[in-house]
Amino acid sequence: RMMGRGIEDLASIGDRLPYNFADADSGMPRIEVGSGVVSPVEVSAEILKALVIRATESLAGDIDGVVITVPAYFDDAQRQATKDAARLAGVNVLRLLNEPTAAAVAYGLDSGSEGVVAVYDFGGGTFDISLLRLNKGVFEVLATGGNSSLGGDDFDHKIAEWIIRESGFSGQVNHSQLRMLMLESREIKEALSESLVVDVDIKVDGLEYKGQLTRRQFDQEIESLVTESIRACRRAVRDSGVELAEIDAVVLVGGSTRVPLVRTAVGDYFQVEPLNDIDPDRVVAIGAAAQAD
């Protein structure tokens, strides 16, 4: 989130950032870490270096170049910061690719003649919706939207709140209890993608609950969050200037799209069966690899 941002932009990306910032003359945020003071670009470079080492070991050879994916809404400064990080990591950038475009490429939609594709990307912490038009093998971004503070973590939170209510726990839930509850809640959420009912047996520092959570109850808990994502889709479609009937395909990206209610809501809104054959956690990487090839 800090890539390509100045110090004055920090207020717009969150009021409770878990970092200590050092005084900087450059205008770029400088973060205090165990080894000293680093910029977001330097942090990104370290991640890229680690990935290159993994790839070199896996492929038993040097890397000729990389394709790096970025959010479609990244501006020129954010894209340049990404390139700077790659240069610092010593890698040759073949291309920066928009993440929704990469997802569409993974499904081979770039080989179609032309059409409009919606990419619904619901991750753990953020939600993005992009509308792309394919014309002669090139994707044009028509509109992007979403909510940078809506994600699967919020689904977990809803289950945790449900457990607290059902347990009748009257005390104040502390950070430690909530963190443990969130981990348990995530497992329950994932199980409900396969099962219609899940047994719940929780003991967390004096907070106890034993019972069952059904998928129908879970759907009721998260319905408002899913509706919020569809509202963002509606805005993006309006911004793009296309009609719903013109959208030829919808691609699902991000782990939260495994939740059955999400898939149903997306299909109902776009009036087309969403594409979900490729692992939604890997679809962007697969598209980037195809592009690199």
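Structure first, text after, so check above.
Caption draft 1: Seen up close, the pairing of strand β10 (residues 207–214). Relative to β10, strand β9 (residues 197–204) runs antiparallel, the two being bridged by eight bridges. Within the sheet, the bridge partner assigned to Asp201 lies in β10 and is Lys210. Here β9 hands over to β10 after two residues, with Asp205 in that stretch at a positive phi of 45°.

Caption draft 2: Just the pairing of strand β8 (residues 138–147), in detail. By the bridge criterion, nine bridges tie strand β7 (residues 127–135) to β8 in an arrangement that is antiparallel. By the bridge assignment, Asp128 is partnered in β8 with Gly146. In textbook terms, the turn of a hairpin is the stretch between consecutive antiparallel strands, and for β7 and β8 this stretch comprises two residues, one of which, Lys136, has a positive phi near 55°.

Caption draft 3: Looking closely at helix α5 (residues 175–192). Over its 18 residues, α5 extends 25 Å from the first C-alpha to the last, a length consistent with the 26 Å expected when each residue adds 1.5 Å. Within α5 the residues assigned to the buried category are Gln177, Leu181, Met182, Ser185, Ile188, Lys189 and Leu192. Buried residues along α5 cover an arc of 130° about the axis, so they all sit on one side. For α5, exposure combined with an orientation more than 90 degrees from the buried face picks out Arg179 and Glu187. Among the residues of α5, the N-terminal cap falls to Asn174, whose side-chain oxygen and the backbone nitrogen of Ser176 are separated by 3.1 Å.

Caption draft 4: How the structure looks around the pattern of salt bridges. For the structure on display, the rule yields nine salt bridges. The salt bridge partner of Arg165 is Glu221, with a shortest N-O separation of 2.9 Å. Residue Arg165 is found in helix α4 (residues 152–167), and its partner Glu221 is found in helix α6 (residues 215–240); the two are separated by 56 residues along the sequence. Put simply, Arg258 and Asp281 hold a salt bridge, and the shortest N to O gap is 2.9 Å. One end of the pair, Arg258, is in the loop between β11 (247–253) and α7 (260–270); the other, Asp281, is in the loop between α7 and α8 (283–292), and 23 residues separate them in sequence. A single salt-bridge network, built from bridges that share partners, covers Arg258, Asp279, Asp281 and Arg282.

About the cut-offs
Residues numbered from 1 in each chain as written. Predicted model: local features only at pLDDT ≥ 70, side-chain atom pairs only at ≥ 80, totals over all residues. Heavy atoms only, no water. Pairing = 2+ DSSP bridges. Helix = DSSP H or I, 4+ residues; strand = E, 2+ residues; numbered from the N terminus. Expected span 1.5 Å × (residues − 1). Buried < 20%, exposed > 50% of the residue type's maximum accessible area, 1.4 Å probe, protein only. Arc of directions from axis to C-beta. Polar contact = N/O pair within 3.5 Å; in protein donor to acceptor, adjacent residues only side chain to side chain. Salt bridge = Lys/Arg side-chain N within 4 Å of Asp/Glu carboxyl O.

Without other data, these values stay purely geometric and don't point to any function.
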